[in-house]
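# Notes for the structure review
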Amino acid sequence: MSNEAKRRIFAMLDSDGDGVISHDEYLARVDRAASAFGRGPQDPLVVAARVAHREVFGQMDGDGDGGVTFEEYRDWAGHEAFEQTCRPALGSLFDLADSDGDGRLTRPEFTRLRTASGNPAEGADAAFDALDVDGEGVVGRAAYLAAIHDFLTTGASPMAGAYGDARPDPRELSAR
Ligand SMILES: [Ca+2]
Ligand SMILES: [Ca+2]
Ligand SMILES: [Ca+2]
């Protein structure tokens with residue numbers, strides 16, 4: 001798995017930038033997606049998403065101290081981790097966004113889901129175009145999850161732009 005992809009995803013998950021993904025920070029992804037789609041805490045899909053995210057957090061936090069450092073994230077993330085726990089968690093967020101429950105997201109749903117997770121809207125727009133290969137105006141669940149998997153494992157994917165491809169990494173700039 002590409003270290004560059006890991007760094008970008010870690011930076012996105014560490015929303016306050018203190019170098020540690022806290023449990024609350026990670027679970028806040030679910031809350032943001034839920035409120036972006038007008039779903040309350042008792043919505044069964046929100047409950048399912050919280051369960052899936054708690055599972056991922058427990059796996060990521062290798063030493064169990066309640067915070068995930070980049071080293072813990074780097075050592076954990078990869079194909080196997082994706083298949084075991086990330087896929088259900090990412091799928092649970094997809095389901096929150098899929099208002100008619102047909103397993104496909106429209107462009108506004110897709111963009112809202114990505115921006116609710118802290119990603120830039122322009123990147124989401126370009127990723128939607130890349131994933132909507134037949135131009136039907138919807139992106140299917142399997143294609144969405146496959147694209148995130150490919151980004152995680154190879155660093156190259158139609159989803160790359162949706163993780164802020166065009167933005168310089170501030171840590172890289174300061175290291176120069
Ligand atoms: Ca943090
Ligand atoms: Ca830890
Ligand atoms: Ca749908």
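The present account deals with the structure reproduced in this document. Bear in mind the structure is a predicted one, so any value in this text is a computation, not a measurement.

Turning next to the coordination of the calcium ion (ligand 2). Within the protein, the calcium ion (ligand 2) binds to Asp-61 (OD), Asp-63 (OD), Asp-65 (OD), Gly-67 (O), Glu-72 (OE) and Glu-72 (OE); these donor distances fall in the range 2.2 to 2.4 Å. What the six donor atoms of the calcium ion (ligand 2) show is an angle range of 53 to 159° at the metal, which sorts the shape as irregular. Mapped onto the sequence, the residues coordinating the calcium ion (ligand 2) show the spacing D-x1-D-x1-D-x1-G-x4-E. Pair noted here: Asp-61 is in the loop between helix H3 (44-60) and strand S2 (67-69) and Glu-72 is in helix H4 (residues 70-76), with a separation of eleven residues, a long-range link. By the burial criterion, Asp-61 is buried, and Glu-72 matches it.

Turning next to the pattern of salt bridges. Following the criterion strictly, the structure yields eleven salt bridges and no others. We note a salt bridge from Asp-43 to Arg-39, for which the minimum N-O separation is 3.1 Å. On the basis of relative accessibility, which here comes to 18%, the residue Arg-39 falls in the buried class. Between Asp-125 and Arg-107 there is a salt bridge, with the nearest N and O atoms lying 3.0 Å from each other. One end of the pair, Asp-125, is in helix H7 (residues 121-131); the other, Arg-107, is in helix H6 (residues 107-116), with 18 residues separating them in the sequence. Using a relative accessible area of 34% as the deciding quantity, one classes Asp-125 as partly exposed. According to the relative accessible area criterion, Arg-107 is partly exposed, its value standing at 30%.

Turning to the packing of aromatic side chains, a few remarks are in order. Between two aromatic rings, the relevant description is the distance of the centres plus the angle of the planes. What the rule picks out here adds up to seven aromatic pairs. Here the aromatic rings of Tyr-26 and Phe-57 are separated by 6.2 Å at their centres, their planes lie at 40°, and the arrangement is tilted. Of this pair, Tyr-26 sits in helix H2 (residues 23-36) while Phe-57 sits in helix H3; the two residues are 31 residues apart in sequence, bridging distant segments of the chain. Residue class for Tyr-26 comes out buried when judged on its relative accessible area of 6%. Taking 5.4 Å as the distance between ring centres and 45° as the angle between the ring planes, the aromatic pair formed by Phe-94 and Tyr-144 counts as tilted. Taken together, the residues span a long stretch of sequence, with Phe-94 in helix H5 (residues 79-97) and Tyr-144 in helix H8 (residues 141-154) at a distance of 50 residues. As far as the burial class goes, Phe-94 and Tyr-144 line up, both buried. Through successive ring pairs, a cluster of aromatic residues spans Phe-10, Phe-70, Tyr-73 and Trp-76.

A separate point is the environment of Glu-71. Among the secondary structure elements, Glu-71 is positioned in helix H4. On the basis of relative accessibility, which here comes to 43%, the residue Glu-71 falls in the partly exposed class. Linking Glu-71 and Val-20, residues 51 residues apart in sequence, is a C-alpha distance of 9.8 Å.

Conventions adopted
- Residues numbered from 1 in each chain as written.
- Chains lettered and ligands numbered in written order.
- Predicted model: local features only at pLDDT ≥ 70, side-chain atom pairs only at ≥ 80, totals over all residues.
- Heavy atoms only, no water.
- Donors = N, O, S within 2.8 Å, 3.2 Å for Na, K, Ca; no water.
- Tetrahedral: all angles 85-135°; square planar, octahedral: opposite > 155°, others 65-115°.
- Helix = DSSP H or I, 4+ residues; strand = E, 2+ residues; numbered from the N terminus.
- Buried < 20%, exposed > 50% of the residue type's maximum accessible area, 1.4 Å probe, protein only.
- Salt bridge = Lys/Arg side-chain N within 4 Å of Asp/Glu carboxyl O.
- Phe/Tyr/Trp six-rings, centres within 6.5 Å; stacked < 30°, edge-to-face > 60°.

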